[in-house]
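# Examination of the molecular architecture
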Amino acid sequence: MKKHNFYAGPSILSEYTIKNTAAAVENFAGTGLSILEVSHRSKEFVAVVDEARALVKELLDIPAGYEVVFLGGGASMQFCMVPYNLLQNKAAYLDTGTWASNAIKEAKIFGEVDVVATSKDANYTFIPKDYVVPSDADYFHFTSNNTIFGTEMRYDPDVNVPLVSDMSSDIFSRPVDVSKYAVIYAGAQKNLAPAGVTIAIVREDALGKVTRPIPTMLNYQTHIKKESMFNTPPVLPIFSALQTLKFYKELGGVKVLEKKNIEKAAILYDEIDRNKLFIGTAALEDRSIMNVCFVMNEEYKELEAEFAAFAASKGMVGIKGHRSVGGFRASIYNAMPKSSVEALVEVMKEFERQH
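One structure accompanies this document, and this report is about it. (Residues numbered from 1 in each chain as written. Predicted model: local features only at pLDDT ≥ 70, side-chain atom pairs only at ≥ 80, totals over all residues. Heavy atoms only, no water.)

## What to know about the overall build of the chain
If you tally the helices and strands in the chain, you get nine helices and 14 strands. The C-alpha radius of gyration computed for the chain amounts to 21 Å, which stays within 12% of the reference 20 Å derived for 355 residues, consistent with globular compactness. A principal-axis box enclosing the C-alpha atoms of the chain has dimensions of 60 × 55 × 30 Å. Expressed as a percentage of the 355 residues in the chain, the buried residues total 55%. Of the contacts formed within the chain by residues at least 6 apart in sequence, a portion of 67% connects residues at least 24 apart. With the model as given, the accessible surface of the chain reaches about 15000 Å², and the carbon-plus-sulfur share is 52%. If the 38 positive side-chain charges of the chain are averaged to one point and the 43 negative ones to another, these points end up 3 Å apart. (Helix = DSSP H or I, 4+ residues; strand = E, 2+ residues; numbered from the N terminus. Rg over C-alpha atoms; globule rule 2.2 N^0.38 Å. Buried < 20%, exposed > 50% of the residue type's maximum accessible area, 1.4 Å probe, protein only. Contact = heavy atoms within 4.5 Å. Areas by Shrake-Rupley, 256 points an atom, 1.4 Å probe, with all protein chains shown as cover. Lys, Arg positive; Asp, Glu negative; His and termini not counted. Charge placed at Lys NZ, Arg CZ, Asp CG, Glu CD.)

## Some remarks on unusual backbone geometry
At the junction of G9 and P10, the peptide bond is cis and its omega measures out at -5° in the coordinates. By secondary structure assignment, the location of P10 is in the loop between β1 (4-5) and α1 (15-26). A positive phi angle, close to 70°, is found at F172, a residue other than glycine. The exposure class of F172 is buried, given its relative accessible area of 1%. Of note, the phi angle at E227 is positive, near 50°, even though the residue is not glycine. Relative to the assigned elements, E227 resides in the loop between α5 (220-225) and α6 (235-251).

## Observations concerning the sheet that holds strand β14 (residues 328-331)
Strand order in this open sheet of three strands is β11-β12-β14, and the pairing throughout is antiparallel. The sheet terminates laterally at β11 (278-280) and β14, the two strands that pair on one side only. If you compare each strand with its neighbour and ignore which way they point, the axes differ by 35° on average. As defined by bridge partners, strand β12 (residues 291-296) adjoins β14 across four bridges and the pair is classed as antiparallel. (Pairing = 2+ DSSP bridges. Axes fitted to C-alpha atoms, helices over the stretch in contact; angles between N-to-C directions.)

## What to know about the side chain of S11
With respect to the secondary-structure elements, S11 resides in the loop between β1 and α1. A distance of 3.1 Å separates a polar side-chain atom of S11 from the backbone oxygen of Q189. Setting aside chain neighbours within four positions, we find S11 in contact with N5, Q189, K190 and Y333. (Polar contact = N/O pair within 3.5 Å; in protein donor to acceptor, adjacent residues only side chain to side chain.)

## Quick notes on helix α9 (residues 338-354)
Along an α-helix, residues three or four apart share an orientation, since each turn contains 3.6 residues. For α9, spanning 17 residues, the distance from its first C-alpha to its last is 25 Å, which sits close to the expected 24 Å at 1.5 Å a residue. Of all the residues in α9, the buried ones are S340, V341, L344, V345, V347, M348, F351 and E352. Buried positions in α9, seen along its axis, are confined to an arc of 155° and lie on one side of it. (Expected span 1.5 Å × (residues − 1). Arc of directions from axis to C-beta.)

## Here we look at the packing of aromatic side chains
Following the criterion strictly, the structure yields 17 aromatic pairs and no others. Both rings, one in Y84 and one in F110, keep their centres 4.6 Å apart while their planes meet at 50°; by these two values the pair is tilted. Here Y84 is found in helix α3 (residues 74-86), whereas its partner F110 is found in the loop between α4 (98-107) and β4 (112-118), with 26 residues between them in sequence. According to the relative accessible area criterion, Y84 is buried, its value standing at 18%. Site record: aromatic cluster; members linked through ring pairs are F278, F294, F307, F310, F328 and F351. (Phe/Tyr/Trp six-rings, centres within 6.5 Å; stacked < 30°, edge-to-face > 60°.)

## Considering the sheet that holds strand β2 (residues 66-71)
Strand order in the open sheet formed by seven strands is β2-β10-β9-β8-β5-β3-β4, with mixed pairing between adjacent strands. Looking at the sheet topology across the chains shown, the edges are occupied by β2 and β4. Ignoring strand direction, the axes of neighbouring strands in this sheet form an average angle of 15°. Pairing between strand β3 (residues 90-95) and strand β5 (residues 140-143): two bridges, direction parallel. Its bridge partner lying in β5, Y93 is registered against H141. Across the face of the sheet, α3 comes into contact with β2, β3, β8 (163-166), β9 (181-187) and β10 (198-203) while running at roughly 160° to β9. Packed onto the sheet, α4 meets β3, β4 and β5 and runs at close to 160° relative to β3.

Shown next as structure tokens:
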């Protein structure tokens, strides 16, 4: 039976990425060595990093003055790296979910944090809109897509301070005006590569302004200067990331991916809204096109476990909601084919017919 992978992360990767990575595990770039054992300083692997960096810049149309680095530690490490490097006096944060609140907690170690708005009281079911970002903030940080709650900011906010965004779960899913940002970061394990590498896009003139000493490994300038080779980088995930970036370019780039993603999400949301058994959890205007969250309608709550088992029996993998919210979550990242979304919709329709 075909499996349809709706896991939130680590998550689905394209067949292109998986096949090319598998081949490199056997024999990388004709070296006769596995990508698992090759030196990160070999000319063959340096070429991988150089090409991956160039493709990130091309696909996101990154202007001059920015550098792309490949780091370890996940987006969670960026929660402290960002304020370490950028927060001198005060930073503004938008609280839209678990990962946003984790980022806020880390930033408070380094200085004053102004939480300009939160949707916590509504269990993060919407993105706050009418907030004011103080003009004396060193930066404004937001999480563009909230995987647990299924909300997304599919736009670049207009504020009068530099932007910082955690785009872990929706990077490359839409065009971004990078020129508005001081830092964009993303854990790779949702739209790019296996877990283990984090991408950071950093505006160089935003650095070097804080007075505190920064530990070498946590200083963006270290990794920019050494072209992501200050220490041994996560070799295999970077290689896989390059395959994904090449695949995205072959498909036609980020605008093409955005169109596909909007179409896939509409198919699933339309069924959630039509089907009497289910109800979406996110505010309509803030629905994520990456993570579709839904629950059983109140009068059918007792069917939740039965639907989970039924969906699993039909090859639907990973649709259980996050443990903190329950219900269901279908993560439909860039690599998710429309046919898998349609298969899930058919399962929902079949289950409705039975009840």
